[in-house]
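Here is how the chains run, residue by residue.
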Amino acid sequence: MTDIAWIDLALASARPKALGALLRYFHNLDTAEEAFQEACLRAIRTWPEKGPPRDPTAWLIFVGRNSGIDAVRKRTKLQALPDEDLISDTEDAESDIAERLDDSHYRDDILRLLFICCHPDLPATQQIALALRIVSGLSVPQIAQAFLVSESAMEQRITRAKARVAKAGVPFETPSLEERAERLSIVSTMIYLVFNEGYSQADPKHEAAAFSDEAIRLARLMLHLFPSEPELMGLLALMLLQISRRPARFSGEDEIVLLEDQDRGLWNQPFINEALALLDKALRHRQPGPYQLQAAIAAIHSRAKRAEDTDWVEIDLLYRALERLQPSPVVTLNRAVVVSKLQGPQDALDLIDPLGEKLGGYFYYHGLRGGLLKQLGLTCQAREAFDRAIALAHSAAEAAHIRRQIDKMQEEATQPIAE
Amino acid sequence: MLYAILCYAHEETVFAWSKEEEAAVMEKLYAVQEPLAASGKLGPVGRLMPTTAATTVRKGKDEALVIDGPFAETKEALLGFYVVDFETLDEAITFSKQLSSVNPGSTSYEIRPFYVFRPGDASS
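Residue indices begin from 1 for each chain and proceed along its sequence in written order. To read the labels, note that chains go from A and ligands from 1, taken in the order they are written. The predicted origin of the model limits local features to residues at a pLDDT of at least 70 and limits the giving and counting of side-chain atom pairs to 80 or more, whereas totals for whole chains, interfaces and linings rest on all residues. To get the side-chain values, take all heavy atoms of the structure and skip hydrogens and water.

Q: I tried to follow helix α16 (residues 329-343) of chain A on my own but got confused; where do I start?
A: Residues three or four positions apart in an α-helix share a direction because the helix packs 3.6 residues into each turn. Residues and elements named next belong to chain A. Taking 1.5 Å of rise per residue, 15 residues should cover 21 Å, and α16 covers 20 Å from first to last C-alpha, within 8% of that figure. Partly exposed residues are those whose accessible area sits between 20% and 50% of the maximum for their type, while under 20% is buried and over 50% is exposed, using a 1.4 Å probe and protein chains only. Numbering goes from the N terminus for both helices and strands, where a helix is a DSSP run of H or I of at least four residues and a strand is a run of E of at least two. What α16 keeps buried is the set Val 331, Thr 332, Leu 333, Arg 335, Ala 336, Val 338, Val 339 and Ser 340. Of the surrounding secondary structure, the elements contacted by the buried residues of α16 are α15 (312-325), α17 (345-352), α18 (356-359) and α19 (363-375). Whenever two N or O atoms come within 3.5 Å, that pair is a polar contact, provided that in protein one can donate a hydrogen and the other can accept it, and provided that, for residues adjacent in sequence, both atoms are side-chain atoms. With a side-chain oxygen positioned 3.1 Å from the backbone nitrogen of Val 330, the residue opening α16 is Ser 328. Once α16 finishes, Gly 344 follows within two positions and takes phi at roughly 105°, a positive value. Multiply 1.5 Å by the residue count of a helix minus one, and that product is the helix's expected span. Here a residue-residue contact requires only that any non-hydrogen atoms of the pair lie within 4.5 Å.

Given below as structure tokens:
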């Protein structure tokens, strides 16, 4: 790695903490961002020569704060900032600030920063875009490409989102324990949305695929700051388990490979191990939550050496617990897959038929329904369900996957019955 | 004499490495380890999962306390370790310098001689 690449990395990993602290200082997102930008520029100029500081985050906060104050002063035509040489020599101030800004201070800063991004007034896509822009520092073109919109459209979207957030106001006082728990849960949801935005992409080279890694990075950061939050452990475990399967999810021609058909040797074992360790830790807290339960379900798949070793009974229990904790038609739909394994397609079909009204516009609903009808030999009805699924597919790979099922069904129909 | 060489670094930076960056670093580290392994002086090498996966058992009043993580407030964390067999401390320092030179982070290596060492036979 070159010096510059290393500095880039250090700046990226310091970003949420530094920006969070600057936001607390200036109470204004734009000023904080400008101050951080300025600090980064100075870092790129001085670090290669003087070497990276002992605590890059403290350095960036110190320099960013000075330049922010300077910017405010310039507007009021007062005294300018001291020379760069003086600023760069921040050794003492930096260690001083590092002393005062340990993790306990960063905790609420970063939580506040993320909380701003998932303001309830914003639609989910804007929450994701804002978090990627502000917290992760991805460029507008990068985000625009991932969302398949033009740069100017994305720029506008982000500007509008920021304006809306600014108008709504953000509380800057330290949140109470209850508020903090609520913020944590909202932030967790947003992180998982970012993850899914990346994970749902068929093509791992697609721009958005990197969002999954970014979400994992954010979850790691949160868990560092809140090391005893079982749901954060569950969230990180869940994402690690899902992403561990990424190398096996698609065959050479970008075809979806179902969980039961995946080559388990391709699963990323270090990710699985870390997730299992996190999940074990989380369960010790005896505060089950939706992420822990979903991670526990994913863990059962990961523990099975072969698809036929899957402990469906245990998975069914976990889904029932999830249904009680967080009832949703999608959870029931997922449990239907388990029911079909344990009790057969008819029982599963009975379970999902009442969901038609709520999930009628959902790709997986019709895909699963088609699969169950196919198993029951109801070819015409299956075909109808598959057609609806194709119409609702998010990606070419999803549509192709359903089309293959239709083809298979037709092949079977035209083959003479085996003697 | 057996030495443990303990590797401390900023965890968040290390976990910000992309897959490519990580692979490049690991390759360079392996290149440093290889000659030592060939000479039979390299013992077990361990890279630790992040501190978020850690649990600490600490003596309590009545019963031992089980705490999440090592210490939430630490800036540098123990990320891995080597067990090496060197005649002198100088050799251990030279080896640690080599590791340090290929490791892009602000990593520090702590060299600690052993009293007791049992290699055991656990593996995964």
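Q: Sorry if this is basic, but what is going on with the interface of chain A and chain B here?
A: Interface size is commonly expressed as the accessible area that is lost once the parts come together. Residue-level contacts link 30 residues of chain A with 27 residues of chain B. Using a 1.4 Å probe, buried area is obtained as the accessible area two parts lose upon being combined, added over both of them. Taken together, the two surfaces of chain A and chain B that pack against each other cover about 2,400 Å², and 57% of this comes from carbon and sulfur. The partner of Lys 281 of chain A in a salt bridge is Asp 68 of chain B, and the shortest N-O contact between them spans 3.9 Å. Scanning the region where chain A abuts chain B turns up five residue pairs in polar contact (both at pLDDT 80 or more). Counted as salt bridges are all cases of a side-chain nitrogen of Lys or Arg within 4 Å of a carboxyl oxygen of Asp or Glu.

Q: Could you clarify how one ought to interpret a nonpolar patch on the surface in this entry?
A: Residues and elements named next belong to chain A. Note that patches include only residues with greater than 30% relative accessible area and no salt bridge, and the join distances are 9 Å for like charges and 5 Å for nonpolar side chains (Val, Leu, Ile, Met, Phe, Trp, Tyr). Methods summary: accessible areas were calculated by the Shrake-Rupley approach with a probe of 1.4 Å, and residue burial reflects only the protein chains presented. On the surface, a nonpolar cluster with roughly 260 Å² of combined accessible area is contributed by Val 313, Leu 317 and Leu 342. Looking at the element boundaries, Val 313 is found in helix α15. What makes Val 313 exposed here is its relative accessible area of 52%.

Q: Please clarify how the sheet that holds strand β1 (residues 2-9) of chain B should be interpreted in this entry.
A: Across a sheet, strands are paired by hydrogen bonds formed along the backbone, either parallel or antiparallel in direction. All names here are of chain B. For two strands to be treated as a pair, DSSP must find at least two bridges joining them. Pairing within the open sheet is antiparallel, and its four strands lie in the order β2-β5-β1-β6. Single-partner strands in this sheet number two, and they are β2 (42-47) and β6 (108-113). Averaged over neighbouring strand pairs, the angle between their axes works out to 20° when direction is ignored. An axis is simply a line fitted to the C-alpha atoms; with a helix, the fit covers only the stretch in contact. Between two such axes, the angle follows the N-to-C directions and lies from 0 to 180 degrees. On the sheet, helix α3 (residues 89-102) packs against β1, β5 (77-85) and β6 and is oriented at approximately 155° with respect to β6.

Q: Explain the confidence of the model for chain B here, please?
A: It should be kept in mind that the predicted coordinates are not to be read in detail where pLDDT is low. When pLDDT is averaged along chain B, the result is 89, and 96% of the positions lie at 70 or above. Per the prediction output, this complex has pTM 0.88; the corresponding ipTM is 0.86. Values of pLDDT, which run from 0 to 100, indicate the predictor's confidence residue by residue.

Q: I'm lost on the packing of helix α11 (residues 209-225) of chain A against helix α12 (residues 230-244) of chain A in this one. Help?
A: When two helices pack together, you describe them by how their axes are tilted relative to each other and by the distance separating the axes. Residue and element names in this part refer to chain A. Direction vectors running N to C along α11 and α12 enclose 155°, while the axes themselves pass 9 Å from each other. As summarised for this structure, α11 and α12 are arranged roughly antiparallel, according to the angle between their axes. Note on packing geometry: the crossing formed by α11 with α12 is left-handed. Contacts from Ser 212, Asp 213, Ala 215, Ile 216, Ala 219, Arg 220, Met 222 and Leu 223 in α11 reach Leu 232, Met 233, Leu 236, Met 239, Leu 240 and Ile 243 in α12. Across the contact of α11 with α12, the residue classes tally to eleven nonpolar, one polar and two charged. Roughly parallel refers to an angle under 35 degrees, roughly antiparallel to one over 145, roughly perpendicular to one between 65 and 115, and oblique to any angle outside these ranges. For a crossing to be left-handed, the near helix must be turned anticlockwise from the far one by less than a right angle; the clockwise case is right-handed. All residues other than Ala, Val, Leu, Ile, Met, Phe, Trp, Tyr, Cys, Pro, Asp, Glu, Lys and Arg, Gly among them, are scored as polar; the first ten of these are nonpolar and the last four charged.

Q: What should I look at first to understand the packing of α16 of chain A against α17 of chain A in this one?
A: Residue and element names in this part refer to chain A. The geometry of α16 relative to α17 is characterised by a closest axis approach of 7 Å and an angle of 160° between their N-to-C directions. If you check the angle between α16 and α17, you find them roughly antiparallel. Considering only the axes of α16 and α17, their crossing is right-handed. Residues Thr 332, Leu 333, Arg 335, Ala 336, Val 339, Ser 340 and Gln 343 of α16 form the contact with α17, whose own contacting residues are Pro 345, Asp 347, Ala 348, Leu 351 and Ile 352. Of the residues assigned to the contact of α16 with α17, the class counts are seven nonpolar, three polar and two charged.

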